[in-house]
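# Examining the three-dimensional arrangement
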Amino acid sequence: MDNQTPHKRRIHYSGTHPKRFEEKYKELNPEKYAQEVEHVKSRGATPAGMHISIMVEEILDFLQIQPGQVGLDATLGYGGHTGHMLEKLQGRGHIYALDVDPIESAKTKKRLEDRGFGPEILTVCLENFANIDKIAQQAGRKFDFVLADLGVSSMQIDNPERGFSYKVDGPLDLRLNPETGTSAAQRILEVTPEEFEGMLIENSDEPYAHEITQAVMRCRDQGKPIETTTQLRLLIEEALSFLPQKERKQEIKKSCQRTFQALRIDINCEFEVLYDFLEKLPQVLAPNGRAAILTFHSGEDRMVKQAFKRFQKEGIYSDVARDVIRPSSEECFRNSRAKSTKMRWAIRSDMEL
């Protein structure tokens, strides 16, 4: 009896609803508390620790997945898209799924295994999707379909320990893989003012890049490290204090979103990774193979559009999306995080590379 693990009571919270991430014990256990999770989703919100897949019907309609095919989900995340694609295979075929996040990918693999999608039909790889050529070699063949959802998963955004959101206090990290690379806090210590301002402009079109850079650099030069999400948010508020009162709150919110986005893109080399992925994509697609990509800001969409058009002009893609496909208004109501989504697609020709 002395060796038994002591019973650990769940965290209690004050009031009628939990506020802190750790207190949302029902939402964080969707399989056990399905009713509470559905209630949260019915309000157009995303339950804590979950991710609601975007544009599932549009993706499946385009990919036209058939039993026996082999595909690639380049961005596994919560596994929502992967699960739907696996269902289309009807037990025949295989999907390779990639993710650089060791924390969430392990959870997702277990979640999909519990649904009956084991190693005979699903291979989860802790790999950056810039290395899709490596995965094609592992598979021993080219893919009939490829999906890439470039959005950050809600599980990462919601967890304050990951530092992705300015709305909750946490370490200013922002790494997709927290076990490697440089955190956002460390990056701010090393970057020059010119680099930081350029980062805000190039990665998120921040209109107040100069003012925010001045505030951040002034704080740093005073020997005050910016180590938390709240510290950065307060600096942005300080930088934009010159704005008229009636528009200040909304502008601060937008600038916080853009600044965190710019930092995340920079420390995870997201544009470089996307470039490599787009360049290698035709090499891993089988003849007449289909690829769909979801983007969430103008920089990503521009890169996808340009790559698709270039390869179509060279005859490598037989057809590409002429215009972006957007989620329906009903989906945006159900999931507010879908509003900025754009989908583009391409179909591989029979041309040999």
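This section reports on the structure supplied with the text. Just so it is clear, the structure is predicted and the values come from calculations on it, not from any experiment. Within each chain, residue numbers correspond to sequence positions counted from 1 in written order. Per-residue local features of the predicted model are confined to residues with pLDDT of at least 70, and side-chain atom pairs are confined, for both listing and counting, to 80 or more; whole-chain, interface and lining totals are unaffected and use all residues. Side-chain measures were taken over the full set of non-hydrogen atoms in the model, leaving aside hydrogen atoms and water.

## Some points on the side chain of Asp101
Inspection of the secondary structure assignment puts Asp101 in the loop between strand 2 (94-99) and helix 4 (102-114). Each residue is placed in one exposure class: buried if its accessible area under a 1.4 Å probe, protein chains only, is under 20% of its type's maximum, exposed if it is over 50%, and partly exposed if it falls in between. Residue Asp101 is classed as buried on the basis of its relative accessible area, which comes to 0%. At 3.2 Å, the side chain of Asp101 and the backbone nitrogen of Glu104 are in polar contact. Secondary structure counts use DSSP, requiring at least four H or I residues in a row for a helix and at least two E residues in a row for a strand, with both numbered from the N terminus. In protein, a polar contact requires one atom able to donate a hydrogen and another able to accept it; more generally it is a pair of N or O atoms within 3.5 Å, and residues adjacent in sequence count only if both atoms are side-chain atoms.

## A word on the pairing of strand 7 (residues 342-348)
Among the seven residues of strand 7, seven are classified as buried, and the element is accordingly described as predominantly covered. Where burial is concerned, the two faces of strand 7 agree: the one with Lys342, Arg344, Ala346 and Arg348 and the one with Met343, Trp345 and Ile347 are both buried. Pairing between strands is defined by DSSP: at least two bridges between them are needed. Pairing of strand 6 (residues 317-320) with strand 7 involves three bridges; the strand directions are antiparallel. Paired with Val320 across the bridge in strand 7 is Ala346.

## Section: the environment of Ala307
For Ala307, the position within the fold is in helix 13 (residues 298-313). Sequence separation of Ala307 and Leu281 is 26 residues, and the distance between their C-alpha atoms is 10.0 Å.

## Considering unusual backbone geometry
Leaving glycine aside, a negative phi is the common case for residues, and trans is the common case for peptide bonds. With a phi close to 75°, Leu174 is a non-glycine residue in the positive phi region. Position of Leu174 among the secondary structure elements: in the loop between helix 6 (154-158) and helix 7 (184-190). What makes Leu174 buried here is its relative accessible area of 1%. Here Asp205, not a glycine, exhibits a phi torsion of approximately 55°, which is positive. Mapped onto the elements, Asp205 comes out in the loop between helix 8 (193-204) and helix 9 (209-221).

## Quick word on helix 8
In an α-helix there are 3.6 residues to a turn, and that puts residues three or four apart on one side. For helix 8, spanning 12 residues, the distance from its first C-alpha to its last is 16 Å, which sits close to the expected 16 Å at 1.5 Å a residue. Inspection of helix 8 places Phe196, Gly198, Met199, Leu200, Asn203 and Ser204 among the buried residues, and these make up the whole buried set. Of the residues one or two after helix 8, Asp205 is the one with positive phi, at around 55°. To estimate how far a helix should reach, multiply one less than its number of residues by 1.5 Å.

## A short note on the nonpolar core
For our purposes a nonpolar core is just a set of buried Ala, Val, Leu, Ile, Met, Phe, Trp, Tyr and Cys residues, chained together by side-chain atoms within 4.5 Å. In terms of nonpolar packing, the biggest core is built from 36 residues, with Phe129, Phe143, Phe277, Leu278, Leu281, Ile293 and Phe308 touching the most fellow members. Looking at this core, the elements with two or more residues in it are strand 1 (70-73), strand 2, helix 5 (132-139), strand 4 (143-149), helix 12 (270-284), strand 5 (285-295), helix 13 and strand 6. Looking at this core, the element that brings in the most residues is helix 12, giving seven residues. The contact definition used throughout considers only heavy atoms, calling two residues in contact when any of these lie within 4.5 Å. The contacts of Phe277, once residues within four sequence positions are left out, are Ala74, Phe129, Ala130, Ile132, Val146, Ala148 and Ile293. Membership of the second largest hydrophobic core comes to 33 residues, among which are Phe164, Ile188, Phe196 and Met217.

## Looking at the pattern of salt bridges
Any carboxyl oxygen of Asp or Glu within 4 Å of a side-chain nitrogen of Lys or Arg constitutes a salt bridge here. If you walk through the whole model with that rule in mind, you get 15 salt bridges. Ionic pairing is found between Glu104 and Lys107, a salt bridge with its closest N-O pair at 3.7 Å. In this pair, Glu104 and Lys107 are both assigned in helix 4, three residues apart and thus about one turn of the helix distant. Note on Glu104: relative accessible area 6%, which makes it buried. Exposure remark for Lys107: the relative accessible area of 44% places this residue in the partly exposed category. Note that Arg233 is salt-bridged to Glu237, the shortest N-O span being 2.7 Å. Taken together, the positions of Arg233 and Glu237, both in helix 10 (residues 229-239) and four residues apart, correspond to about one turn of that helix. Residue class for Arg233 comes out partly exposed when judged on its relative accessible area of 23%. Classification of Glu237 as partly exposed rests on a relative accessible area of 28%.

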